[in-house]
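What follows is the residue order along each chain.
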Amino acid sequence: MSKKIAIIGAGVSGVNLASRLSSNGFEVTVFEKARGPGGRASSRRFSDGDKTYTIDHGAQYIDVETKEFQTLINELEQAGIVDKFTKLGTQNTYVPVPAMNAFTKYLMSNINSKYEVQVHHVIKKDDLNFLYDDKGNRLGGFDLVISTAPPKQTAELFRGYEKFEFLSKVEMKVHFAVMLISSKNFDFGFSEMNVQDSMLNWIGINSQKPKRDKTLGIILHTNFKWSLENAEMDRVEITNLALKELEIQTGFKDENPIYLACHRWLYGRTLEPLNTDFIFDKENSLACCGDYMLGDNIEAAFLSSSRLADQLIKNSY
Ligand SMILES: Cc1cc2nc3c(=O)[nH]c(=O)nc-3n(C[C@H](O)[C@H](O)[C@H](O)COP(=O)(O)OP(=O)(O)OC[C@H]3O[C@@H](n4cnc5c(N)ncnc54)[C@H](O)[C@@H]3O)c2cc1C
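Residues numbered from 1 in each chain as written. Predicted model: local features only at pLDDT ≥ 70, side-chain atom pairs only at ≥ 80, totals over all residues. Heavy atoms only, no water.

## So, unusual backbone geometry
Part 1: Residue Pro98 is bonded to the preceding Val97 through a cis peptide linkage, with omega at 0°.
Part 2: With respect to the element layout, Pro98 can be found in the loop between β7 (93-96) and α3 (102-108).
Part 3: The phi dihedral of Asp197 falls on the positive side, at around 50°, and the residue is not glycine.
Part 4: Turning to its location among the elements, Asp197 is positioned in the loop between β14 (192-194) and β15 (200-205). (Helix = DSSP H or I, 4+ residues; strand = E, 2+ residues; numbered from the N terminus.)

## Description of the side chain of Asn101
Part 1: By the secondary structure assignment, Asn101 is in the loop between β7 and α3.
Part 2: With relative accessibility at 14%, the residue Asn101 sits in the buried group. (Buried < 20%, exposed > 50% of the residue type's maximum accessible area, 1.4 Å probe, protein only.)

## Remarks on the sheet that holds strand β5 (residues 62-63)
Part 1: Spatial strand order, β5-β7-β6: three strands in an open sheet with antiparallel pairing. Because the sheet does not close on itself, it has two edges, and the strands there are β5 and β6 (82-85).
Part 2: As paired elements, β5 and β7 share two bridges and run antiparallel to each other. From the neighbouring strand, Ile62 faces β7, where its bridge partner is Tyr94. (Pairing = 2+ DSSP bridges.)

## Thoughts on the site of the ligand
Part 1: The local shell around the ligand holds 34 residues, among which Ser13, Glu32, Arg40, Tyr61 and Asp291 are the closest.
Part 2: Considered on its own, the ligand offers 1000 Å² of accessible surface; in the complex 94% of this is hidden by protein.
Part 3: When residues of the shell around the ligand are traced back to their parent elements, those giving at least two are α1 (12-22), β2 (27-32), α4 (151-157), β17 (259-270) and α9 (298-314).
Part 4: Broken down by element, the shell around the ligand gets its largest block of residues, three residues, from β17. (Near = heavy atom within 4 Å. Areas by Shrake-Rupley, 256 points an atom, 1.4 Å probe, with all protein chains shown as cover.)

## A look at the domain arrangement of the protein chain
Part 1: Split by domain assignment, the protein chain resolves into domain 1 (4-42 + 101-170 + 274-314) and domain 2 (172-270).
Part 2: In this structure, domain 1 and domain 2 have C-alpha centres spaced 30 Å apart.
Part 3: Between domain 1 and domain 2, the residue contacts involve 13 residues of the former and six residues of the latter.
Part 4: Carbon and sulfur atoms supply 59% of the area that domain 1 and domain 2 bury against each other, a total of about 790 Å² over both sides.
Part 5: Looking at the side of domain 1 facing domain 2, the largest losses of area belong to Arg40, Lys152 and Asp296, adding up to 53% of the total buried there.
Part 6: At the junction of domain 1 and domain 2, the tally comes to one salt bridge.
Part 7: With its nearest N and O atoms 3.6 Å apart, the salt bridge here joins Arg269 to Asp296. (Domains from an automatic or database assignment. Contact = heavy atoms within 4.5 Å. Buried area = accessible area lost by both parts, 1.4 Å probe. Salt bridge = Lys/Arg side-chain N within 4 Å of Asp/Glu carboxyl O.)

## With respect to the pattern of salt bridges
Part 1: As enumerated under the stated definition, the model contains 15 salt bridges in all.
Part 2: Of the charged contacts, one joins Lys135 and Asp134 as a salt bridge, the two residues approaching to 3.8 Å between their closest N and O atoms.
Part 3: Its relative accessible area of 68% is what places Lys135 among the exposed residues.
Part 4: Within the structure, one salt-bridge network assembled from shared partners comprises Arg20, Glu68, Arg307 and Asp310.

## A few points about the nonpolar core
Part 1: Formed by 41 residues in total, the largest nonpolar core has its most connected members in Leu21, Phe69, Phe103 and Ile146.
Part 2: Broken down by secondary-structure element, the contributors of at least two residues to this core are β1 (4-8), α1, β2, α2 (67-78), α3, β12 (144-147) and α9.
Part 3: Counting residues per element, this core draws most heavily on α9, which supplies seven residues.
Part 4: Among residues more than four places away in sequence, those in contact with Ile146 are Ile5, Ala6, Ile7, Ile8, Leu17, Leu21, Phe158, Ala287, Cys288, Leu308 and Leu312. (Core = buried A, V, L, I, M, F, W, Y, C linked by side-chain atoms within 4.5 Å.)

Written out as structure tokens, the structure is:
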């Protein structure tokens, strides 16, 4: 009988793991608290009348360094899911089209998934691990439960299990993303810009990425130091400060945008990778993987989840 595996999280790590395991005969169910896949590599959707706008508010680009990741990216390119992108300072960059979450959506097709379900804890009974939500509802019993949530959230999910306890001390960098959609035409003269000596560290023009809607879309990312010092600041205040900074840096101003929002990525980017591929507690049938194991980007999430998939497939779990 095939092994039943629960994967918590449908970010890059979770969907890559799910895709690899299900195509190798495991019975996989993915639980994701958000409305769809993507995690930190996702896109915000906004409808105004008949028109829907999409803007990438977390990860912006996929940089590829390893042969292994390149193989998947080539498959995605052939399927029309990513386009090669020329960007200053990088050699091998891709952008999912028509939005960042196209990448995870593609890998999730045909995978059993439960969205808008937040797993709260895990209890082992006999040979199975049972997942529960915060109201105590049982979400199912599994031979193995894998968390791809950021480290502190994984420690919380697997509380009481010694191997995962130290993850509660693994810090991630907080970041804010301010998103603006404007009916104005404005020539920025760049598709993205790194910013120095400012609360912002990056300004990106979403509408200049391949196969995006041409309505002007701007993303502003705050720098780590500023974000940490102002992690609890009111979002409206952050938005106003970021817009002022945008005007100073570029001259652009829109007092009546189509859409304006601020998202806080509480566990945004890895501070220090753990330099281990994944954690596997065979005795308790629990495991975890994610970008923070090996790096701070999509490729690190792919590699960590691939290493765990390799081990489970090789040993038939
Ligand atoms: C602002 C920003 C910009 C970035 N830019 C880039 C970039 O340009 N290029 C790049 O390569 N990388 C970039 N990154 C990093 C990249 O987004 C991440 O490395 C990668 O997406 C991590 O994937 P993951 O699957 O490991 O984790 P996540 O994407 O965090 O996935 C974890 C998932 O678990 C879900 N989850 C958590 N707890 C529960 C629970 N209890 N129950 C159910 N679901 C749960 C979450 O909702 C989430 O979907 C950026 C990140 C940020 C924040």
